[in-house]
Amino acid sequence: YLTLLSDKISVSSSLTLNSKEVVKEGAFIAIPGTEQNGVKYIQEAIERGANTIIVPDVISNAELSSLIQENQHVSFYAAPEIRKVASLLAKIMCPL
């Protein structure tokens, strides 16, 4: 489900779809939506402490390459079915 895009592998303490809710050592899933595109908020998530970023595999390589190069302390993953991956990770990391 996930393809590692960077050289860094991190362990995350939390998971969110909202960049404003990212905490230190947390994972941010950048889901494109009908009104907002989570990819636009990757840098904000990193600035808030995200150590893992999961992006849709349709993001442009140029945009992603610069993000990875500028943030080598962060793990980047691509997911072909990002909503399914978000659901599975939520079940694992945030069980009811």
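The sections below set out a description of the structure shown in this document. No experiment lies behind these values; they were computed from the predicted model shown.

Turning next to the overall build of the chain. Summing up its helical and strand segments, the chain has three helices and five strands in all. Since a compact globule built from 96 residues should have a radius of gyration of about 12 Å, the 12 Å found for the chain is in line with a globular shape. Across the 96 residues in the chain, those meeting the buried criterion constitute 42%. Within the chain, contacts between residues separated by at least 24 positions form 62% of all contacts whose residues are at least 6 apart in sequence. The positive charge centre, built from 8 side chains, and the negative charge centre, built from 10, are 6 Å apart in the chain.

Another point: helix α2 (residues 61–70). Buried within α2 are the following residues: Leu64, Leu67 and Ile68. What you see down the axis of α2 is that its buried residues fit within an arc of 95 degrees, all on one side. Facing away from the buried side of α2, by more than 90 degrees, are the exposed residues Ala62, Gln69 and Glu70. Packed against the buried residues of α2 are α1 (42–47), β4 (52–56) and β5 (75–79).

Turning to the sheet that holds β4, a few remarks are in order. With respect to topology, five strands assemble into an open sheet ordered β1-β5-β4-β3-β2, the strand pairing being mixed. Either end of the sheet is taken by a strand with one partner, and the two such strands are β1 (3–4) and β2 (15–16).

With that settled, the discussion passes to the pairing of β4. Across the five residues that make up β4, a large majority, five, are buried. As a crossover connection, the stretch from strand β3 (residues 27–29) through α1 into β4 is right-handed. As paired elements, β4 and β5 share five bridges and run parallel to each other. Bridging from a neighbouring strand, Ile54 pairs with Tyr77 of β5. The parallel pair β4 and β5, bridged by α2, forms a crossover whose chirality is right-handed.

Quick notes on the rules
- Residues numbered from 1 in each chain as written.
- Predicted model: local features only at pLDDT ≥ 70, side-chain atom pairs only at ≥ 80, totals over all residues.
- Heavy atoms only, no water.
- Helix = DSSP H or I, 4+ residues; strand = E, 2+ residues; numbered from the N terminus.
- Rg over C-alpha atoms; globule rule 2.2 N^0.38 Å.
- Buried < 20%, exposed > 50% of the residue type's maximum accessible area, 1.4 Å probe, protein only.
- Contact = heavy atoms within 4.5 Å.
- Lys, Arg positive; Asp, Glu negative; His and termini not counted.
- Charge placed at Lys NZ, Arg CZ, Asp CG, Glu CD.
- Arc of directions from axis to C-beta.
- Pairing = 2+ DSSP bridges.
- Right-handed = clockwise from strand over helix to strand, strands pointing away.

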